[in-house]
Number of protein chains: 2
Amino acid sequence: MTMADSTPYGGGPGGPEDPDRAGGPEHTGAADSPGAAGSRERGRLHELAQQLRVDSVRAADAAGSGHPTSSMSAADVMAVLLARHLQYDFARPDHPGNDRFVLSKGHASPLLYAAYKAAGVVTDEELLTFRAHGSRLEGHPTPRRLPWVEVATGSLGQGLGVGVGMALSGKRLDRIPYRVWVLCGDSELAEGAVWEAAEHAAYERLDNLTLIVDVNRLGQRGPTRHEWDLDAYERRLAAFGWHVVQADGHDTEALDRACHEARSTAGRPTAILARTVKGRGVAAAENREGLHGKPLPDADAAVRELGGARRVRVDVQAPPAARTLRATRSGHLELPRYETGTETATRDAFGQALTALGSARGDVVALDGEVGDSTRAEYFAKEHPDRFFECYIAEQQMVAAAVGLATRGWVPYASSFAAFLTRAHDFVRMAAIGGAGINLVGSHAGVAIGQDGPSQMGLEDLAMFRAVHGSTVLYPCDANQTARLVAAMADLDGVRYLRTSRGATPVLYGPDEEFPVGGSKVLRSSGDDRLTVVAAGTTVHEALAAADTLDGVGIPVRVIDLYSVKPVDRNTLREAAESTGCLLTVEDHRQEGGLGDAVLDAFGDGSPVPRLVRLAVTGMPGSASPAEQLRAAGIDAESIAAAVRLLVERVVP
Amino acid sequence: MTMADSTPYGGGPGGPEDPDRAGGPEHTGAADSPGAAGSRERGRLHELAQQLRVDSVRAADAAGSGHPTSSMSAADVMAVLLARHLQYDFARPDHPGNDRFVLSKGHASPLLYAAYKAAGVVTDEELLTFRAHGSRLEGHPTPRRLPWVEVATGSLGQGLGVGVGMALSGKRLDRIPYRVWVLCGDSELAEGAVWEAAEHAAYERLDNLTLIVDVNRLGQRGPTRHEWDLDAYERRLAAFGWHVVQADGHDTEALDRACHEARSTAGRPTAILARTVKGRGVAAAENREGLHGKPLPDADAAVRELGGARRVRVDVQAPPAARTLRATRSGHLELPRYETGTETATRDAFGQALTALGSARGDVVALDGEVGDSTRAEYFAKEHPDRFFECYIAEQQMVAAAVGLATRGWVPYASSFAAFLTRAHDFVRMAAIGGAGINLVGSHAGVAIGQDGPSQMGLEDLAMFRAVHGSTVLYPCDANQTARLVAAMADLDGVRYLRTSRGATPVLYGPDEEFPVGGSKVLRSSGDDRLTVVAAGTTVHEALAAADTLDGVGIPVRVIDLYSVKPVDRNTLREAAESTGCLLTVEDHRQEGGLGDAVLDAFGDGSPVPRLVRLAVTGMPGSASPAEQLRAAGIDAESIAAAVRLLVERVVP
């Protein structure tokens, strides 16, 4: 591609994107025809970059907050990318051939929005609504409102990992030759997640992925660890298997050459280290500490110094025709069927159901954090190796890649031990902000795992996932229930979490039983129930055994299997509360944020609340057999029966 | 140190540490006198290593679970370390001069316990209680029970970061020349946290830190990403600034040389890459997939193949005399005092109080994740630069270093945005398992931060920290309250969390008011209260304004400031429930796991539960001013007043 091909600048005076002129000199370079010589092109790119700076300054000034200096350092990078390398149809953000652009340094949102304006999809009027209540142009970009944003950023160090997921889709699944461009800051390279992503990208030979680092030397509170030592970054990235190019981040020709080099490098991803100056273009702001995240003190003067407002408009190069190829699958889902009375671990059922789902649907993919033999994701990996991604022990990257794959229309299931998904908490949080549709599966729930001890026990996962916005939290107790829920979660919105158990449990339900999300199952019920035991997963079986014991001594109790922890089945819980007056929740989880709290979601509107007793894991387990663990935690059948007897005899007689 | 000096092996027949002999040949090398020649020493180290293997096999066999093959690969490393390099007084685990040893690959606990047996502090009888209910020898080592374990491991990739904290203490604070030895697996190098730690260690020039990587090629479910490509690891670590030595991990002389090289390398940390064979010593297990985390199929045969049980005993070298020097401080705490009626952000009060605390106490240290200008940790950094640690944007490493510092008796305060502490969730979880005493401070709580948008808002932090075992969760609403709580949390056990706010809030309390942990403040109360509004932090001020409005229309309400979210003030909440019948909780947090759920902790024992209504952040915020955010989330004064009116008129009249 020649420069001429890639810079069909259009635009002109007037039109809704015509900004207020700030009194600076006029520039007309933007109207020049394609095919200009190098120096003319350089001039036009400079004009575009200056416009991006001006608009970044103006947007932050209008908002009274924001990050203009972090935008100004990367303006030349953005100009080169937008005008000469990005292939993107702004009218069709769902075009499968579109390049992907991820602004990992999400606080530089003014630069992104200024680029949107230059591309003609955001008016100057809208640009100046930056950070205002109701504006699409939020402090950090989110996909919920802007069709050209695919992933929420703003928590640093996440963009590259998501970009890896996008690049994996292009390279290994869709086989569409789009490029993924990730622009990140230098500060965020301190995040370990970046190195998980770097490792993953090089290992998968993602030469369709380019990372551009805006090395502006200054973090939020002062100099970064390596300041302008670009060699320090180069050594690290090269050691991780990347091709690395250093460039003056304000030399558009050098940046252009670097981008060309990235595009022509085969077999590995390329990192462009762009040496830049924070606040570039405004002397009072350049390379100055204390100006992070603040509008420039004198925006009008800054705009003048930058040469005033411009009317540069970029006709961004369209992508080549492409279409998404999804392997044809049976379309007919044949979930595994388990016979009641037999025993199967829910993790086994997960692996088997996911494999079946993958046979029925070509859009289902799986990722695992090097524990597929434990989570049983390995069943899927064996049957559908082309759609399985081994992420090794890097849970942040596993979730990031899942988010990236989800942006390309895949339905990812990412699994690890429930305990280790806490490692990816911030990625899950950001996935929810971006509305990413991902399935997460945490195995080895609770003390029931036995001897391995507390480090391997998921005891906080329900609390973590319940608090995630828009999440669904499922916790099956048997194999058929698991299989149904694995299939059901595929079509939900947002973050879906499934909690599985290590040990085998009896199959309670027939294979044709249905388990709507938001539902529950009443397993024991009579008109004489003295109270209701609410359980899920492992404790359902303990509750049933307790109910049998209690029945034998004339204390009938209701038992509810609350497999849908979020959303919770209000009606059934309320009915149980009205009928029996007292709820006893039993969970293999910490007392805070889990099943007990979920039950109370049904009573948070001012209606009468039943008496409530919680049995949960309150101490710190050591090593012991599963049965000993449940006993020690006071959540086994005998403990439940004892608690019920105490309650009906002493507390709620 | 000569070989002779460091290997005064003792031991002999009989005694409680005499293992059952498994029928193998006898070895007497262990009884040889010091001063042996190289080959004799090699023989003795081999004997010791074989004993470690035998005992690992036996322990896992007795337990019926565990990780013998992961122990066997590192047995020679452990033998060399224990017999020739570690300086440790097992009788005085609190000896300030002791070297620190961190088993980052915590699943290799059989090796650690076998080493304890060889050192004479664990009997053979106890060794065989491995993983049994009540045994000190848990599946993964924890400091709660074993005096020689300083940090809980078992979640991979955490040991190096904690080791960095220990090394920082020796190097920058105590200035005691102990060494920190971290033994990790190769799989765990995929964790980004390891690279955060590697960066931190090199940046701080921690030449008192040695990382030994047991490169046994096999992870849990198969080969690692880099298998035996030691050069791949060397390139990465060297690029991060480490001195790297490769060694045959079964050649005790090579390992010994490598350890000497590590000890004599100045100005940077050293990594020893030990090429090992998983399951080493038992042909049927060597380098074999599918044997991770399982006892050997035929333990007796394995013990025989390893040469049978031995009676090698190591007199581990004692450390040189050392004493902890803590700078004398005033001892007199002069907390900042704020005048009621003025306004101060609680984050400002945190920074000021922490600075004062640092002046009074020499054991208080602070860490921050490159946002000290926002969290206000920078106040402490300016006043006490010698006790401040800039961790850059690496929250996992920040918490890991805090845990490491806590093991050395320091009282660390680590701060970042509340939202970004989710990044360190797994480290917090493991800190709780290990009983580490650390203070974490999360700023920028809730939607009240305003324009920056959801990526920067701490909205899940209360749920995350409440579910941490043994945690304390504090959420002050004014500056004097903040100052008192900052001081109080220093002396608590376990993980302590303080949530601070970005914007200035009115000072409600006088500077001499006391705020016991587990308490609350009743700010409005009368005999006619129609219901109780429970608030904390930002919403306390909204609740008070609502109460004033409601009072004006004849609806008196009680207002409780629940600054201690965990533990919660049961008595005051119960009294309010009895008096007013209905609780309305208002929180700048997600509905799940936060203040509303905390209130219900007071009613989880079967006693009557009041009606409950929750106001919380249920939607996804965008950008807006703080006031607009509170309004949009329905947690501002007007929303509270409207909810109360609706409740008293319609629901609980």
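Note that the structure is a prediction, hence the values are computed from the model and not measured.

Participant: When you look at the overall build of chain A in this model, what are you seeing that I'm missing?
Facilitator: The helix and strand tally for chain A stands at 23 helices and 19 strands. Seen through its principal axes, chain A has C-alpha atoms that stretch 95 × 50 × 40 Å. Burial analysis of chain A (653 residues in total) assigns 69% to the buried set. Counting contacts in chain A only where the partners sit at least 6 residues apart, residues at least 24 apart contribute 79% of the total. If you sum the accessible surface of chain A, you get close to 19,100 Å²; carbon and sulfur atoms cover 46% of it.

Participant: Before we go on, may I ask you to explain the side chain of B:His200 in this structure?
Facilitator: Looking at where B:His200 falls in the secondary structure, it is placed in helix H8 (residues 192-203). The class of B:His200 is buried, set by a relative accessible area of 0%. Separated by 3.0 Å, the side chains of B:His200 and B:Gln397 make a polar contact. If sequence neighbours within four positions are ignored, B:His200 has contacts with A:Arg225, B:Val164, B:Leu168, B:Glu390, B:Cys391, B:Gln397 and B:Ala401.

Participant: Quick question: what am I supposed to make of the confidence of the model for chain A here?
Facilitator: Interpretation of this model should avoid reading the predicted coordinates in detail wherever pLDDT is low. All names here are of chain A. On average, residues of chain A score 93 in pLDDT, and 94% of them are at 70 or above. The model gives residues 1-37 a pLDDT under 50, and that stretch makes 81 contacts with residues more than four places away or in other chains. Overall fold confidence for the complex sits at a pTM of 0.95, while the interface term, ipTM, reaches 0.95.

Participant: Looking at this structure, how should I read the domain arrangement of chain A?
Facilitator: All names here are of chain A. Structurally, chain A comprises domain 1 (44-314), domain 2 (343-506) and domain 3 (521-650). Here domain 2 and domain 3 have C-alpha centroids that lie 25 Å from each other. For the pairing of domain 2 and domain 3, the buried interface totals around 2,400 Å² over both sides, and the portion due to carbon and sulfur atoms is 57%. For the domain 2 face of the interface with domain 3, the top three residues by lost area are Val447, Arg466 and Tyr475, together amounting to 29%. Summed over the shared surface of domain 2 and domain 3, the result is one salt bridge. Where Asp601 meets Arg466, a salt bridge forms, and the shortest distance between an N and an O atom there is 3.0 Å. Taken together, the connections running from domain 2 to domain 3 amount to 22 residue pairs in polar contact (both at pLDDT 80 or more). At the level of secondary structure, the elements contributing two or more residues to the side of domain 2 that touches domain 3 comprise helix H17 (461-466), strand S11 (472-474), helix H18 (479-489) and strand S13 (504-506).

Participant: Hey, could you run me through the environment of B:Lys105 in this one?
Facilitator: All names here are of chain B. With respect to the helices and strands, the residue Lys105 is situated in the loop between strand S1 (100-103) and helix H5 (109-118). In this structure Lys105 comes out as buried when scored by relative accessible area, which is 2%. Expressed as a C-alpha distance, the spacing of Lys105 and Thr375, which sit 270 residues apart in the sequence, is 34 Å. Not counting residues within four places of it along the chain, the set of residues in contact with Lys105 comprises Ser70, Ser73, Leu156, Leu183, Cys184, Gly185, Glu188, Asp214 and Asn216.

Participant: What is the right way to look at the relation of the copies chain A and chain B in this model?
Facilitator: Each of the two chain copies goes to the other by way of a rotation about an axis and a shift along it. Superposition record for chain A on chain B: RMSD 0.0 Å, screw rotation 180 degrees, translation along axis 0.0 Å. One copy is carried onto the other by what is essentially a two-fold rotation axis. Within chain A, A:Gly192 has its C-alpha nearest the rotation axis, a separation of 1.8 Å.

Participant: It is not clear to me how the packing of aromatic side chains should be interpreted in this structure. Could you clarify?
Facilitator: Any aromatic ring pair is given by two values, namely how distant the centres are and how the planes are angled relative to each other. With the rule as written, the count across this model stands at 27 aromatic pairs over all chains. Pairing B:Tyr113 with B:Phe130 gives two aromatic rings, centres 5.8 Å apart and planes at 65 degrees, and the pair type is edge-to-face. Here B:Tyr113 is found in helix H5, whereas its partner B:Phe130 is found in the loop between helix H6 (124-127) and helix H7 (159-173), with 17 residues between them in sequence. B:Tyr113 gets classed as buried once you look at its relative accessible area, which sits at 1%. Seen in terms of ring centroids, B:Phe515 and B:Tyr563 are 5.5 Å apart; in terms of plane orientation they differ by 90 degrees. Their pairing is edge-to-face. Highlighted residues: B:Phe515 in the loop between strand S13 (504-506) and strand S14 (521-524) and B:Tyr563 in the loop between strand S16 (558-561) and strand S17 (564-566), separated in sequence by 48 residues. For the pair formed by B:Phe515 and B:Tyr563, the shared burial category is buried. The ring of B:Tyr203 has A:Arg225 lying over it, and the distance from NZ or CZ to the ring centre is 5.1 Å. Above the face of the B:Trp181 ring, B:Arg179 is positioned so that its terminal group lies 5.4 Å from the ring centre.

Participant: Please clarify how the packing of helix H2 (residues 38-63) of chain A against helix H5 (residues 109-118) of chain A should be interpreted in this entry.
Facilitator: Helix-helix packing: each pair is described by the crossing angle between the helix axes and the interaxial distance. Residue and element names in this part refer to chain A. Contact pair H2 / H5: the axes reach a minimum separation of 8 Å and the direction vectors enclose 125 degrees. In terms of axis orientation, H2 runs oblique to H5. The handedness of the crossing between H2 and H5 comes out as right-handed. Across the interface between the two elements, Leu48, Gln51, Leu52, Asp55, Ser56 and Arg58 of H2 pack against Pro110, Leu111, Ala114, Ala115, Lys117 and Ala118 of H5. In terms of residue class, the contact of H2 with H5 is built from seven nonpolar, two polar and three charged.

Participant: When you look at the UniProt feature "domain: Transketolase-like pyrimidine-binding" (unreviewed entry) in chain A in this model, what are you seeing that I'm missing?
Facilitator: UniProt feature "domain: Transketolase-like pyrimidine-binding" (unreviewed entry): in the numbering of this structure it lies at residues 344-507 of chain A. Secondary structure within residues 344-507 of chain A divides into 40% helix and 21% strand; the distance between the first and last C-alpha atoms comes to 7 Å.

Participant: It is not clear to me how the sheet that holds strand S19 (residues 611-617) of chain B should be interpreted in this structure. Could you clarify?
Facilitator: Sheet strands pair via backbone hydrogen bonds, and the direction of the pair is either parallel or antiparallel. Residues and elements named next belong to chain B. Spatially, the five strands line up as an open sheet ordered S14-S16-S15-S18-S19, and their pairing is mixed. Only two strands of the sheet have a single neighbouring strand rather than two, namely S14 and S19. Taking each pair of neighbouring strands and ignoring which way they run, the sheet shows an average axis angle of 25 degrees. Pairing between strand S18 (residues 582-590) and S19: six bridges, direction parallel. Across the sheet, Cys582 pairs through a bridge with Arg611, a residue of S19. Across the sheet, helix H20 (residues 570-580) is in contact with S14, strand S15 (532-535), S16 and S18; its angle to S16 comes to roughly 165 degrees.

Participant: Sorry if this is basic, but what is going on with the interface of chain A and chain B here?
Facilitator: In many reports, interface size means the accessible area that the parts give up when they come together. Each partner contributes residues to the interface: chain A has 106 residues there, and chain B has 106 residues. Connecting chain A to chain B are 16 salt bridges. Between B:Lys566 and A:Glu592 there is a salt bridge whose closest N-O contact spans 3.7 Å. Class assignment for the residues of the side of chain A that touches chain B results in 38 nonpolar, 37 polar and 31 charged.

Thresholds applied
Residues numbered from 1 in each chain as written. Chains lettered and ligands numbered in written order. Predicted model: local features only at pLDDT ≥ 70, side-chain atom pairs only at ≥ 80, totals over all residues. Heavy atoms only, no water. Helix = DSSP H or I, 4+ residues; strand = E, 2+ residues; numbered from the N terminus. Buried < 20%, exposed > 50% of the residue type's maximum accessible area, 1.4 Å probe, protein only. Contact = heavy atoms within 4.5 Å. Areas by Shrake-Rupley, 256 points an atom, 1.4 Å probe, with all protein chains shown as cover. Polar contact = N/O pair within 3.5 Å; in protein donor to acceptor, adjacent residues only side chain to side chain. pLDDT = per-residue confidence, 0-100. Domains from an automatic or database assignment. Buried area = accessible area lost by both parts, 1.4 Å probe. Salt bridge = Lys/Arg side-chain N within 4 Å of Asp/Glu carboxyl O. Least-squares fit on C-alpha atoms with pLDDT ≥ 70 in both. Phe/Tyr/Trp six-rings, centres within 6.5 Å; stacked < 30°, edge-to-face > 60°. Lys NZ or Arg CZ within 6 Å of the ring centre and 35° of its normal. Axes fitted to C-alpha atoms, helices over the stretch in contact; angles between N-to-C directions. Parallel < 35°, antiparallel > 145°, perpendicular 65-115°, else oblique. Left-handed = near helix turned anticlockwise from the far one by under 90°. Nonpolar A, V, L, I, M, F, W, Y, C, P; charged D, E, K, R; others polar. UniProt positions renumbered as here; feature names shortened; annotations may be inferred. Pairing = 2+ DSSP bridges.

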